[in-house]
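An overview of the molecular structure
In case you want the letters, here they are:
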Amino acid sequence: MLMKVVRVVLTVAVVVMLVGCRKSSDDTRKREIGFLMTLDHPYWLNMRLGAQDEAQKLGVEVTILNAKEDPVLQIEQINEMIAKQVDIVCLVPMKKEPLVRGVQMLNRAKIPVIIVNREVEAGCEYICYTGTDTYAGAVVAAKILAEAMGGKGQIIEFHQHLGTGPEVARSQALRDVLKDYPEMTSVARIPHQGERDIVKTEMQTLLQKFPNLSGVYAHGDNFAIAAAQVCKKAGRTDIKVVGMGGSREMIEAIKQGLVTGTSYQQPEEEGRSAIRLAVRYLDGEKLEKSYLIGCPPITKKNADEFKGQF
Amino acid sequence: MTTDVRKQSAGRTKGAHSFRKFQQASILILLVALCVVASFRSSTFLTWTNIVDNLFTNAAAIGIVALGMTFIMIGGGFDLSVASTIVVCSVVLVMSMDWLSPQGAAVAIPVALLLTVLVGVILGAINGTLIAYIGVNPFVVTLCTMLIFRGIAQILTGGGQTQQVHDILLRRRFDWFYDAGLPLWGGVGIPMPILIFLVVFAVGIYLLRFTRFGHYVYAIGGNEEAAWLAGVNTHRIKALTYVLCGFTCAIAAVIFVAKTETAGAESHMGKELVVIASVIVGGTPLGGGSGGLTATVIGLLLLRVIDNLLTQFNIGPEYRPVVTGLIILVVVTVDVLAKRRGST
């Protein structure tokens, strides 16, 4: 008896669904942009705000999805965007190798792609890249550090998740800058794992291990601040610390003299730029291959001129 | 509490049986109702691309693991280490294929597949041995192996570097496991992951319903001691459910590698919870003793449809975990309340 009722209900539902599907065919809808990113840091939240705001201004719909640094999840989200039939996708590739497959899927579905903030490996097609010039920004930070240290001494590096785009660019930037300063040596490379806590614990150990330490190069403001706090507590205010990003907290810390400097990134502008380019492309404009957003240096001298976007 | 649940499900009267049916039917109705609403509200929901190429294809790999997990959970067990097992398997798959690539695809692919399955089975056997033969709590064992397996993957990949087969031709060959499909009419087809899922599902149904092994799994979940006294080698059967789950993780790893052409130690974070949630939402209780594979598939589809709808209706990412969590909570709570009424 019960199963009969269930069967009837299900049959009716399926029929209704099939009818309903036919009825709700295309009415004139807004242009839709899929924005595939991650949201595990204030930086991304700011990029998202910029994207949402710009989309509202330009009268387009934007769907934002959080891939939580997982490339497999991001590829699934790409499938979702294809199924949703969005007009264009702005993609922050979580990792550069696996996302080639993701972008290829979009190519096959004839959905144009704009790559934002991080890079993707060769083998797939996209309209253009827009984002912070991560490498140039890291070079700016490394130079601030080298000049503050007078071009000599031991430094340690707190690096990002190994193999991610920014990690590769920022590590390379430091190596390249150090070539010009032969008296500076990098004595340790430690993953910050996205946690200030870990940086603090590691920093305490490192201060014991390298008593002659004179510089810290951190892939990110949060970690520069954490390292500088430990140095201050240990009375080692002579150690120069640089980060990269330019968060409000960081700018405040630079003004107070806790941290030496940083390079200024503009995530909000990245989000806006991506949406603007997407709309320009959909309007039929021919775009260039790359739209880079620069990162000026911030030190105690000019810290008052910057507000910080995140 | 555990003994209570076991006693309840051990007494599988006709009433309890039809109640189970009712519960599964209610979730199925919820699933269909959601789909009906969605197809009215969104013009892109009820399309082949969305339902088959997106929803089912993305659910397939994780669904295969959920099938393995169902065996464990019917037997009253639990496994938190599945995501880590998938990660180790995919890393082993990519690295061994890369290592064997000079031998040609005809050697590299089958041998790498064999190695991957072997690794999945061994990792499952480690869990199974500790839990079934030594008697350590499954939650504790798999919590530890979850960390250990993830760590092993990080060590193998030199601290988490993304692994890739360098031979591009071989890499493309392997994509067959994701890109191929059974062509139907009008240029559409059933993608490979779904076909693989269907095969595993059929084998699973056979094992659970038509073999002595399947009956023993239910018996152990219902009342382990009674099963032991009745002469069932409960240790071996329990251990085998974990081995089976490790095997399904290896198959899922094959699909994931074909999907991304890479393997990374940081992937699949938190997937174990999706797997366990599908089994529970489907109606297999935490104490075991009842439930089934079809139920798990319905549970998984419900979760995936919810997720798909959140995207279709452009719900902000910060609301998604809340909505998903609430729906699971409601389903399980209704289940508990209905069961309480049913048992008195």
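Residues numbered from 1 in each chain as written. Chains lettered and ligands numbered in written order. Predicted model: local features only at pLDDT ≥ 70, side-chain atom pairs only at ≥ 80, totals over all residues.

Right, let's get into the overall build of chain B. Looking only at helices and strands, one finds 15 helices and four strands in chain B. Against the compact-globule benchmark of 20 Å for 344 residues, chain B has a radius of gyration of 20 Å, which places it among compact chains. Its C-alpha atoms give chain B principal-axis dimensions of roughly 65 × 55 × 40 Å. For chain B, the proportion of its 344 residues judged to be buried stands at 51%. (Helix = DSSP H or I, 4+ residues; strand = E, 2+ residues; numbered from the N terminus. Rg over C-alpha atoms; globule rule 2.2 N^0.38 Å. Buried ≥ 20, exposed ≤ 12 C-beta atoms within 10 Å, placed from the backbone.)

A word on the overall build of chain A. Within chain A, the regular secondary structure consists of 10 helices and 12 strands. For the C-alpha atoms alone, the extent of chain A along its principal axes is close to 80 × 55 × 35 Å. Sorting the 310 residues of chain A into buried and exposed places 49% on the buried side. In chain A, 74% of the contacts between residues at least 6 apart in sequence involve partners at least 24 apart. (Contact = placed C-beta atoms within 7 Å.)

Residue and element names in this part refer to chain B. Averaged over chain B, the pLDDT score is 88; the fraction of residues at 70 or greater is 92%. Within the model, pLDDT remains below 50 along residues 1-13, and this stretch shows 18 contacts once partners closer than five positions in the same chain are excluded. Taken over the whole predicted complex, pTM reads 0.81, whereas the ipTM for its chain interfaces reads 0.82. (pLDDT = per-residue confidence, 0-100.)

This part takes up the domain arrangement of chain A. Residue and element names in this part refer to chain A. According to the domain assignment, chain A consists of domain 1 (32-132 + 267-294) and domain 2 (135-265 + 300-305). Placing the centre of domain 1 and that of domain 2 at their C-alpha centroids yields a distance of 30 Å. Taken residue by residue, the interface counts nine residues in domain 1 and nine residues in domain 2. Its residues assigned to classes, the side of domain 1 that touches domain 2 comprises three nonpolar, two polar and four charged. (Domains from an automatic or database assignment. Nonpolar A, V, L, I, M, F, W, Y, C, P; charged D, E, K, R; others polar.)

A few words now on the packing of helix 4 (residues 82-100) of chain B against helix 6 (residues 138-156) of chain B. Residues and elements named next belong to chain B. Relative orientation of the contacting elements helix 4 and helix 6 amounts to 25°, with a least axis distance of 8 Å. It follows from the interaxial angle that helix 4 and helix 6 lie roughly parallel. As helix 4 packs across helix 6, the resulting crossing turns out to be left-handed. On helix 6, the residues that touch Ser84, Thr85, Val87, Val88, Val91 and Met95 of helix 4 are Met146, Phe149, Arg150, Ile152, Ala153 and Leu156. (Axes fitted to C-alpha atoms, helices over the stretch in contact; angles between N-to-C directions. Parallel < 35°, antiparallel > 145°, perpendicular 65-115°, else oblique. Left-handed = near helix turned anticlockwise from the far one by under 90°.)

As a further point, take the interface of chain B and chain A. Counting from both sides, the interface comprises 41 residues of chain B and, opposite them, 39 residues of chain A. Of all the elements in the fold, those that place two or more residues in the side of chain B that touches chain A are helix 2 (14-41), helix 3 (48-74), helix 12 (234-260) and helix 14 (293-312) of chain B. Taken together, the residues of the side of chain B that touches chain A break down into 12 nonpolar, 24 polar and five charged.

A few words on helix 6 of chain B. Residues and elements named next belong to chain B. Taking 1.5 Å per residue as the helical rise, helix 6 with its 19 residues ought to reach 27 Å, and the 26 Å between its terminal C-alpha atoms agrees with that figure. For helix 6, the full list of buried residues reads Pro138, Val141, Thr142, Thr145, Phe149, Arg150 and Ala153. Along the axis of helix 6, the buried positions cluster into a sector of 155°, meaning they face one direction only. Elements in contact with the buried residues of helix 6: helix 4 and helix 5 (105-134). (Expected span 1.5 Å × (residues − 1). Arc of directions from axis to C-beta.)

All names here are of chain A. Side chains Ile88 and Cys90 project from strand 3 (residues 88-91) onto one buried face, and the interleaved Val89 and Leu91 project onto a second face that is buried too. Summarising the sheet, strand 1 (residues 32-37) and strand 3 pair through four bridges and their orientation is parallel. Considered in strand 3, the bridge of Gly34 is made with Val89. Relative to strand 4 (residues 113-116), strand 3 runs parallel, the two sharing three bridges. Residue Leu91 lies in a different strand from strand 4, and its bridge partner there is Ile115. (Pairing = 2+ DSSP bridges.)

Our next topic: the environment of A:Ile114. Residue and element names in this part refer to chain A. With respect to the secondary-structure elements, Ile114 resides in strand 4. Sequence separation of Ile114 and Tyr129 is 15 residues, and the distance between their C-alpha atoms is 6.0 Å. Not counting residues up to four positions away in its chain, the partners in contact with Ile114 are Ile88, Cys90, Tyr126, Ile127, Cys128, Thr130, Ala274, Leu277 and Ala278.

Residues and elements named next belong to chain A. In spatial order, the strands read 2-1-3-4-5-11; together these six strands make up an open sheet with parallel pairing. The outermost strands of the open sheet, each flanked by one partner alone, are strand 2 (61-66) and strand 11 (290-293). Neighbour-to-neighbour, the strand axes of the sheet open up by a mean angle of 15°, direction not taken into account. Helix 10 (residues 267-282) rests against strand 1, strand 2, strand 3, strand 4, strand 5 (128-132) and strand 11 of the sheet, and its axis sits at about 160° to strand 5.

With 15 residues, helix 5 (residues 134-148) of chain A should reach 21 Å at 1.5 Å per residue; the first-to-last C-alpha distance of 21 Å fits that figure. Taken together, the buried positions of helix 5 of chain A are A:Thr134, A:Gly137, A:Ala138, A:Val139, A:Val140, A:Ala141, A:Ala142, A:Ile144, A:Leu145 and A:Ala146.

This part is about unusual backbone geometry. Residues and elements named next belong to chain B. With a phi angle near 60°, Glu261 is a residue other than glycine that sits in the positive phi range. Mapped onto the elements, Glu261 comes out in the loop between helix 12 and strand 4 (262-263). Given 22 C-beta atoms within 10 Å, Glu261 falls into the buried group. A positive phi angle, near 55°, is found at Asn314, a position not held by glycine. Mapped onto the secondary structure, Asn314 falls in the loop between helix 14 and helix 15 (320-343).

Among the secondary structure elements, B:Pro321 is positioned in helix 15. Residue class for B:Pro321 comes out exposed when judged on the 10 C-beta atoms lying within 10 Å of it.

A few words now on the environment of B:Leu93. All names here are of chain B. Among the structural elements, Leu93 can be located in helix 4. The class for Leu93 is buried, based on 28 C-beta atoms found within 10 Å. Considered as a pair, Leu93 and Val257 are 164 residues apart in the sequence and their alpha carbons are 7.9 Å apart. Beyond its immediate stretch of four places on either side in the chain, Leu93 contacts Ala112, Thr116, Ala253, Val254, Val257 and Ala263.

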